[in-house]
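# Descriptive analysis of the structure
The primary structure of each chain is shown beneath.
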Amino acid sequence: MTRVTRDDVAAALATVTDSESGRDVMSADLVQGLVVREGHVGFSLEVDPAKGAEKEPLRKACEEAVKALPGVLSVTAVLTAHRGAAQSPSPAKGHSHAHEQQRAPQGAMQIPGVKAIVAVASGKGGVGKSTVAVNLALALSKLGRRVGLLDADIYGPSIPRMMGLTGKPESKDGKKLLPKEKYGIRTMSIGYLVAEDTPMIWRGPMVQSALTQMMSDVEWGELDVLIVDMPPGTGDAQLTMAQRVPLTGAVVVSTPQEIALIDARKGFAMFEKTHVPVFGIVENMAYFVSPGSGERSYIFGEGGARRMAEKLGCDFLGEVPLHMTIREKSDNGEPVVATAPDSDEAKPFIEIARRVGEHLDRALGGSARKAPEIVIED
């Protein structure tokens, strides 16, 4: 395969002329943040925010010029506000235009063949959100649904390690990527495209565009539900998903202690403000069971997420214990629901999936595939 270089991309961009300045985009210094990594190219065009819609054809022309290069697998090209915009005499107006410019080119996104999209989110990192997302996706699959799993955590992708998947996605037509499949679910992650220890030093708009491409430029096929492992927090990436993607609902994950619940409430509020239904709250690391005595120890406090759900008026979907087996299997790419579905450790995820499935069926008016009854032996 031909290896594309930064110089190749720069030369291709130099063939695109900005009609306003009469110069090519490289000599006009419009191209910023150019990244070329193993066939995947990302860059931004810095323009006057008031001219965002007007410059969209220029962005597309740059994207097409780079796509035409041999060896290019994907192109992430976005418009960003010009560095001098902050000196505008009307900063508030400029800020408003900048937001319009970021949203307008994308619009509401639809993913062909995907009936429902559910975000798994947390207000902060370290609460086991990805573990819940992976095992929830697998549990929904066990319950008879066709499931996809999108790793939207650009800066800290976990899905490749947790699913035991490596290597880059393939493409049949050079335009859309094929999701990598394992344990019966289809997955996509930025972690398939870059080395595990490579930091993603990208600006917010580039992250937003990458998320958009991982949904619209992937051949997901027919899915009953796409589970999205969201980045922690309530920043640009989260707002991109909440505002541009037709989310059917969200699941908020938290640990029981108050410091985590404070941030979980922020996540809940973000979904409310963007009119995304919150299916409920999952309490992860709810308690520790002593291997010898079987005694429960509430290391992070007891019942905090349940009380928060009651206070917010949403469902409490279930609690997941702090268990070494869950952690070990996740680290080894052998999620507990996939490799030990009848175990005590898998049961909480199966029950959470049942409740999420009920919300899905109500949200879709019963159009989603009904889950068959699966009996888990005690």
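Definitions and cut-offs
Residues numbered from 1 in each chain as written. Predicted model: local features only at pLDDT ≥ 70, side-chain atom pairs only at ≥ 80, totals over all residues. Heavy atoms only, no water. Helix = DSSP H or I, 4+ residues; strand = E, 2+ residues; numbered from the N terminus. Buried < 20%, exposed > 50% of the residue type's maximum accessible area, 1.4 Å probe, protein only. Contact = heavy atoms within 4.5 Å. Areas by Shrake-Rupley, 256 points an atom, 1.4 Å probe, with all protein chains shown as cover. Salt bridge = Lys/Arg side-chain N within 4 Å of Asp/Glu carboxyl O. Core = buried A, V, L, I, M, F, W, Y, C linked by side-chain atoms within 4.5 Å. Axes fitted to C-alpha atoms, helices over the stretch in contact; angles between N-to-C directions. Left-handed = near helix turned anticlockwise from the far one by under 90°. Nonpolar A, V, L, I, M, F, W, Y, C, P; charged D, E, K, R; others polar. Phe/Tyr/Trp six-rings, centres within 6.5 Å; stacked < 30°, edge-to-face > 60°. Lys NZ or Arg CZ within 6 Å of the ring centre and 35° of its normal. Parallel < 35°, antiparallel > 145°, perpendicular 65-115°, else oblique.

### Focus on the overall build of the chain
- A count of helices and strands for the chain gives 12 helices and 14 strands.
- Out of the 378 residues belonging to the chain, those deemed buried represent 51%.
- Contacts in the chain between residues at least 24 apart in sequence constitute 76% of all its contacts with a sequence separation of at least 6.
- Summed over all atoms, the accessible surface of the chain reaches about 17100 Å², with 50% contributed by carbon and sulfur.

### Let's talk about the pattern of salt bridges
- All told, the structure shown has 13 salt bridges when counted by the stated rule.
- Taken together, the shared-partner salt bridges connect Glu-56, Arg-59, Glu-63 and Lys-67 into one network.

### Describing the nonpolar core
- By size, the foremost hydrophobic cluster in this structure holds 83 residues, and its most contacted members are Trp-220, Leu-226, Ile-227 and Phe-271.
- Listed in part, the 23 residues of the second largest apolar core include Val-16, Val-25, Val-47 and Val-66.

### Focus on the packing of helix 8 (residues 258-273) against helix 9 (residues 304-312)
- Where helix 8 contacts helix 9, the two axes come as close as 11 Å, and the packing angle between them is 35°. Every pair of crossing elements has a handedness; the one defined by helix 8 and helix 9 is right-handed. On helix 9, the residues that touch Leu-261, Ala-264, Arg-265 and Phe-268 of helix 8 are Gly-304, Ala-305, Met-308 and Leu-312.
- Taken together, the residues of the contact of helix 8 with helix 9 break down into six nonpolar, one polar and one charged.

### Section: the packing of aromatic side chains
- Counted under the stated rule, the structure contains one aromatic pair.
- Over the ring of Tyr-192 we find Lys-180; its NZ or CZ atom is 5.9 Å from the centre of that ring.

### A closer look at the packing of helix 4 (residues 129-142) against helix 12 (residues 347-363)
- Between helix 4 and helix 12, the least distance of the axes is 8 Å, while the angle of their chain directions is 70°. As judged from the angle between their axes, helix 4 and helix 12 are roughly perpendicular. Mapping the contact onto sequence places Thr-131, Val-132, Asn-135, Leu-136, Ala-139 and Leu-140 in helix 4 and Phe-349, Ile-350, Ile-352, Ala-353, Val-356 and Gly-357 in helix 12.
- Its residues placed into classes, the contact of helix 4 with helix 12 shows nine nonpolar, three polar and no charged.

### What about the pairing of strand 4 (residues 40-47)?
- Most of strand 4 sits out of view: eight of its eight residues are buried.
- Burial of the side chains of strand 4 extends over both faces: His-40, Gly-42, Ser-44 and Glu-46 are buried on one face and Val-41, Phe-43, Leu-45 and Val-47 on the other.

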